[in-house]
Amino acid sequence: MRMKFLQAGVALAVMVAAAGTASAQGEFSGNVALTTDYVWRGVSQSNGDMAISGGFDYSNGMFYAGTWASNVDFGDASDTNVEIDFYGGLAGELESGISWDVGVIYYAYPDAEESDLDFVEIKGALGYAFEGGLAVGGEAYYDIDNKNLYLNATAGYSLSDAFSVDGSVGNYQFDAGGDYTNWSLGGTYSALGFGFDLRYWDTDIDATDIADERIVFTISRSM
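Residues numbered from 1 in each chain as written. Predicted model: local features only at pLDDT ≥ 70, side-chain atom pairs only at ≥ 80, totals over all residues. Heavy atoms only, no water.

1. Digging into the environment of T154
Secondary-structure assignment places T154 in strand β10 (residues 148-158). Between the C-alpha atom of T154 and that of V136, which follows or precedes it by 18 residues, the distance is 5.6 Å. Beyond its immediate chain neighbours, meaning those up to four positions away, T154 contacts A135, V136, G137, E139, G167 and S168. (Helix = DSSP H or I, 4+ residues; strand = E, 2+ residues; numbered from the N terminus. Contact = heavy atoms within 4.5 Å.)

Structure below.
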């Protein structure tokens with residue numbers, strides 16, 4: 001666990017240095033959400049039950065960093081109940097309108113008594129928003145320790161300032177085998193400072209119920 005934390009810390013330090021001497025001022029924000037099921041890459045992380053999550057973010061120019069936490073239930077011997085993520089990176093937009101994002105994410109499970117569930121991913125993403133409301137993007141996440149790769153493609157369309165629809169297709173490639181594909185389709189509506197998201201998830205995994213098709217409803221608020 002210590003080595004993984006050091007790897008994440010070194011990557012973040014490099015990004016801070018690359019960002020240059022930034023102003024001491026920046027923007028802080030927070031978020032909180034309640035969901036009927038915490039689904040990550042098509043698989044339930046809360047054993048099909050409700051989850052509450054929240055986090056804090058800081059941005060200054062191209063640089064961003066933050067932390068996020070949620071309750072989890074993997075239904076295994078680890079008996080872990082909480083996930084805490086730490087992340088940071090650089091993001092911006094090219095003159096062509098293409099947005100980019102490179103970063104590092106450290107996933108921590110501090111109450112996993114005898115299981116080392118922690119891992120670190122490096123991330124790269126590109127996106128483009130067309131005139132008229134259509135936006136497309138692609139992301140790649142590489143697990144440094146376990147040599148796993150996750151690729152994800154997204155497309156969304158804004159029907160109004162308050163309502164949008166989007167879909168995604170992702171593929172998880174594991175060094176030890178067991179690759180799978182997941183997909184989602186949903187809509188998000190914003191009103192009175194809240195976000196309401198209704199989403200369909202499914203995977204091509206047949207061996208476990210937590211990867212079956214499901215509909216998830218999430219209420220969120222940014223602060």
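2. Some words on the sheet that holds strand β12 (residues 180-191)
Spatial ordering of the closed barrel is given by β1-β4-β5-β6-β7-β8-β9-β10-β11-β12-β13-β14, a layout of 12 strands whose pairing is antiparallel. The average undirected angle you get between the axes of adjacent strands in this sheet is 20°. Relative to strand β14 (residues 214-222), strand β13 (residues 194-203) is paired through 8 bridges, and the arrangement is antiparallel. Each bridged residue has a counterpart across the sheet, and for W201 the counterpart in β14 is R214. (Pairing = 2+ DSSP bridges. Axes fitted to C-alpha atoms, helices over the stretch in contact; angles between N-to-C directions.)

3. Structural notes on the pairing of strand β5 (residues 63-71)
Residues in a regular strand project their side chains so that they alternate between the two faces of the sheet. One ladder, built from 8 bridges, connects strand β4 (residues 51-60) with β5; its direction is antiparallel. By the bridge assignment for β5, D57 is matched with G66. Bridge count for β5 against strand β6 (residues 82-93) is 9 bridges, and the pairing is antiparallel. Paired with A69 across the two strands is I84, which belongs to β6.

4. A word on the pattern of salt bridges
Within this structure, the stated rule accounts for 5 salt bridges. A salt bridge links R41 to E121; its shortest N-O distance comes to 2.9 Å. Highlighted residues: R41 in the loop between β2 (39-40) and β3 (43-44) and E121 in strand β8 (residues 119-129), separated in sequence by 80 residues. Accessibility assignment for this pair places R41 and E121 in one class, buried. One salt bridge connects R199 with D197, and the closest N-O pair in it is separated by 2.7 Å. With a relative accessible area of 11%, R199 lands in the buried category. Among the charged side chains, a salt-bridge network with shared partners connects D166, D197 and R199. (Salt bridge = Lys/Arg side-chain N within 4 Å of Asp/Glu carboxyl O. Buried < 20%, exposed > 50% of the residue type's maximum accessible area, 1.4 Å probe, protein only.)

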